[in-house]
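Working through the structure, step by step
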Amino acid sequence: MRDDRRVRLGLRILALGYLAVLLVVPVGLVFYRTFEHGLAPVWSSVTTPAAVHAFWLTIEIALIAVPLNTIFGIVTALALVRGRFRGKGAIDAVINLPFALSPVVIGLALLLVYGRGGWVHLPFQVIFSVPGMVLATIFVSLPFVVREVVPVLREVGDEQEQAAATLGASRWQTFWRITLPAIRWGVAFGVVLTTARAVGEFGAVSVVSGRIAGQTDTLTLLVEKRFQNFDLAGAYAASALLALISLATLLAMTVLKPRKDRG
Amino acid sequence: MVGGPGALGLGLATLWLSVIVLVPLAALLARSTDGGLDAFWSAVTSRQAVAALKLTLGCSLAVAAINAVTGTLVAWVLVRDRFRGKGFINALIDLPFALPTIVVGIVLLALWGPTSPLGVNVIATKTAVMLALLFVTLPFVVRSVQPVVIELDREMEEAAASLGAGDLTIFRRIVLPNLVPAILSGAAMSFARAVGEFGSVVLIAGNIPFKTQLASVYIFGQIESDNPIGAAAVSVVLLGLSLAVLLAIGALGRWGARHEG
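Since this is a predicted model, take the numbers as computed values, not measurements. (Residues numbered from 1 in each chain as written. Chains lettered and ligands numbered in written order. Predicted model: local features only at pLDDT ≥ 70, side-chain atom pairs only at ≥ 80, totals over all residues.)

A separate point is the overall build of chain B. What chain B contains, in helices and strands, is twelve helices and zero strands. Order of helices (α) and strands (β) in chain B, N terminus to C terminus: α-α-α-α-α-α-α-α-α-α-α-α. Its C-alpha atoms give chain B principal-axis dimensions of about 70 × 65 × 30 Å. The burial tally for chain B puts 49% of its 261 residues in the buried class. Restricting the contact set of chain B to residue pairs at least 6 apart, pairs at least 24 apart contribute 78%. (Helix = DSSP H or I, 4+ residues; strand = E, 2+ residues; numbered from the N terminus. Buried ≥ 20, exposed ≤ 12 C-beta atoms within 10 Å, placed from the backbone. Contact = placed C-beta atoms within 7 Å.)

Right, here's the structure in full:
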């Protein structure tokens, strides 16, 4: 289009205005409200026993869910791009389901399998306990690594892998020496997204957690609980902690994006 | 199959996907009819469920439509305009993906809730529902349209301008046709996300039955009041919607790829 300054300025004001009203002003306001009385009350609010427990539980769940989804994601991406088998389209569609499904529906589905009167009975408690929360977190964050690695694998092609195989490398050697280095930034980007989602999940975890104080409260559940108990300052403090994790995620995304796109 | 995961890898991937995703969804489908088809039907067609589903559909369609316009606008400005802090704004677009949904709820309440410094309180209104849904779906259209705007051939726009076409005509006749597949797929993803949204609306929407109660909040309420089978019935409707949207997005992707080639 012609470089009409007035049009350009008008569009810029509209776009930035929309972002400001919807995104920037509310987020800024919460940070202001959180820290308006200084750092001390925020610190004491995020170091109560309940908050500390919620923090470590959140980390623990992420530490189980993220590595499992990373390994699974790489294997599935390899199968989808390099493999030739029937039902590829079906796997491709199922992979995306966790993105399109309501987290509440995901939580309910787990409840119906592992809960009272459910299909599966394990020797340990799953629902209203940590294993159920881990399963819910794995479910909701499942597609990220696959989605990020598939396009990178397509892009790099398989000539180098073919060459390695011709020179006598085993499948395992080829993966470690050729494939993994080529896709590492895509994997890293997927891991960042998986972690952010795992730490921030609310709906699915909420259904299966049972909200037992000091036992099955994650940070997001703590935010809601404090809000419902009219502890607004406490809810803000826990939110700010989660928001800091989100900002770290954004930073990592911004740093990793160009490397990933360069391949 | 050089570089592939081998039969063992494929088997493991399939097993993982089955245990984590397919078995729970199969249980959802099977157990939604535990009380018989009549019970399923009456759960789905109960007045409160129908109201929640209608509200969810209406709001999600509106959100998709608004995002199609605002998302395209933001993507356009981020690519074609030059101003200080553009890189920062560009990184900020992903914030709704990075921010936990419950924090989004807290954030929106701070500005639009009872303690708002603006003195506006939209809590427990449809406006509140729309604000929450627009917040969490903001990145979809922007991120799907942005790469297409970068790839646009500016010579075509210049040629049209030199032949005397106005800005609006150029946008409508030259630019927009190239963006349509990306806009539609971004809008469809916004729609899918909005249909299932829970965390960001649960605090601000008030969840008043027949007025501001979305389907996912209704399902949550049914679970809380120990009616998992009724909850499962309404969930199956949402599951069907999700699948339909995913298939539509897949078809759009293939159409877009043909469009380019």
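After presenting the structure, the write-up continues.
Next up on the list: the overall build of chain A. A count of helices and strands for chain A gives twelve helices and zero strands. Helices and strands appear in chain A in the N-to-C order α-α-α-α-α-α-α-α-α-α-α-α. Considered along the principal axes of its C-alpha atoms, chain A spans approximately 70 × 65 × 30 Å. Residue burial in chain A is summarised as follows: out of 263 residues, 48% are buried. Within chain A, contacts between residues separated by at least 24 positions form 76% of all contacts whose residues are at least 6 apart in sequence.

The next subject is the interface of chain B and chain A. As a measure of interface size, the accessible area lost when the parts come together is often cited. On the side of chain A, 77 residues touch chain B, which itself brings 70 residues to the contact. Take the side of chain B that touches chain A: its biggest share by element is 16 residues, from helix H1 (residues 6-31) of chain B.

Tracing the sequence through the fold places methionine 156 of chain B in helix H8 (residues 154-162). In this structure the C-alpha to C-alpha distance between methionine 156 of chain B and arginine 82 of chain B, which are 74 residues apart in sequence, comes to 21 Å.

This next bit is on the nonpolar core. Counting residues in hydrophobic clusters, the biggest one holds 169 residues, and the most contacted among them are Leu108 of chain A together with Ile106 and Ala132 of chain B. In terms of residue count, helix H3 (residues 49-82) of chain A provides more of this core than any other element does, 15 residues in total. The residue makeup of this core includes at least three contributed by each of domain 1 (1-36) and domain 2 (38-262) of chain A. (Core = buried A, V, L, I, M, F, W, Y, C linked by C-beta atoms within 7 Å. Domains from an automatic or database assignment.)

Let us now look at the domain arrangement of chain A. Residue and element names in this part refer to chain A. According to the domain assignment, chain A contains domain 1 (1-36) and domain 2 (38-262). Each of domain 1 and domain 2 has a C-alpha centre, and the two are 31 Å apart. In this assembly, five residues from domain 1 lie in contact with seven residues from domain 2.

Next up on the list: the packing of helix H7 (residues 143-156) of chain A against helix H9 (residues 171-200) of chain A. Helix-helix packing: each pair is described by the crossing angle between the helix axes and the interaxial distance. Residues and elements named next belong to chain A. Direction vectors running N to C along H7 and H9 enclose 165 degrees, while the axes themselves pass 8 Å from each other. Between H7 and H9, the angle falls in the class roughly antiparallel. The chirality of how H7 crosses H9 is right-handed. Together, Phe144, Val145, Glu148, Val149, Val152, Leu153 and Val156 of H7 and Ala182, Ile183, Gly186, Val187, Phe189, Gly190, Val191, Leu193, Thr194 and Arg197 of H9 make up the contact between the two elements. When its residues are assigned to classes, the contact of H7 with H9 shows twelve nonpolar, three polar and two charged. (Axes fitted to C-alpha atoms, helices over the stretch in contact; angles between N-to-C directions. Parallel < 35°, antiparallel > 145°, perpendicular 65-115°, else oblique. Left-handed = near helix turned anticlockwise from the far one by under 90°. Nonpolar A, V, L, I, M, F, W, Y, C, P; charged D, E, K, R; others polar.)

Residue and element names in this part refer to chain A. Packing of H3 against H7 brings their axes to within 8 Å, and their N-to-C directions diverge by 40 degrees. Viewed along their axes, H3 and H7 adopt a mutual orientation that is oblique. Judged by the twist between their axes, the crossing of H3 over H7 is right-handed. On the side of H3, the interface is formed by Asn69, Thr70, Gly73, Ile74, Thr76, Ala77, Leu78, Leu80 and Val81, while H7 contributes Val145, Val146, Val149, Val150, Leu153 and Arg154. Partitioning the contact of H3 with H7 into residue classes produces ten nonpolar, four polar and one charged.

One non-glycine residue, arginine 211 of chain A, lies in positive phi territory at about 55 degrees. Of note, arginine 211 of chain A is situated in the loop between helix H10 (203-209) and helix H11 (219-228). Here the phi dihedral of aspartate 226 of chain B falls at roughly 60 degrees; this positive angle occurs in a residue that is not glycine.

Moving on: H1 of chain B. Counted at 1.5 Å a residue, the expected span for H1 of chain B with its 26 residues is 38 Å, and the 36 Å between its end C-alpha atoms agrees. Serine 18 of chain B marks the point of greatest bend in H1 of chain B, at about 45 degrees. (Expected span 1.5 Å × (residues − 1). Bend = angle between axes of the 7 residues up to and from the residue.)

This part takes up the environment of proline 24 of chain B. Tracing the backbone through its elements, the reader meets proline 24 of chain B in helix H1. Taking the C-alpha atoms as reference, proline 24 of chain B lies 20 Å from valine 44 of chain B; in sequence the two are 20 residues apart. Contacts of proline 24 of chain B, omitting those with residues within four sequence positions, involve Ala109, Leu110 and Val113 of chain A.

Right, let's get into the environment of leucine 95 of chain B. Tracing the backbone through its elements, the reader meets leucine 95 of chain B in helix H5 (residues 95-98). C-beta crowding within 10 Å serves as the criterion here: with 22 such atoms nearby, leucine 95 of chain B is assigned to the buried category. Note: C-alpha distance between leucine 95 of chain B and proline 139 of chain B (44 residues apart in sequence) is 8.3 Å. Among residues more than four places away in sequence, those in contact with leucine 95 of chain B are Leu23, Ser246 and Leu250 of chain A.

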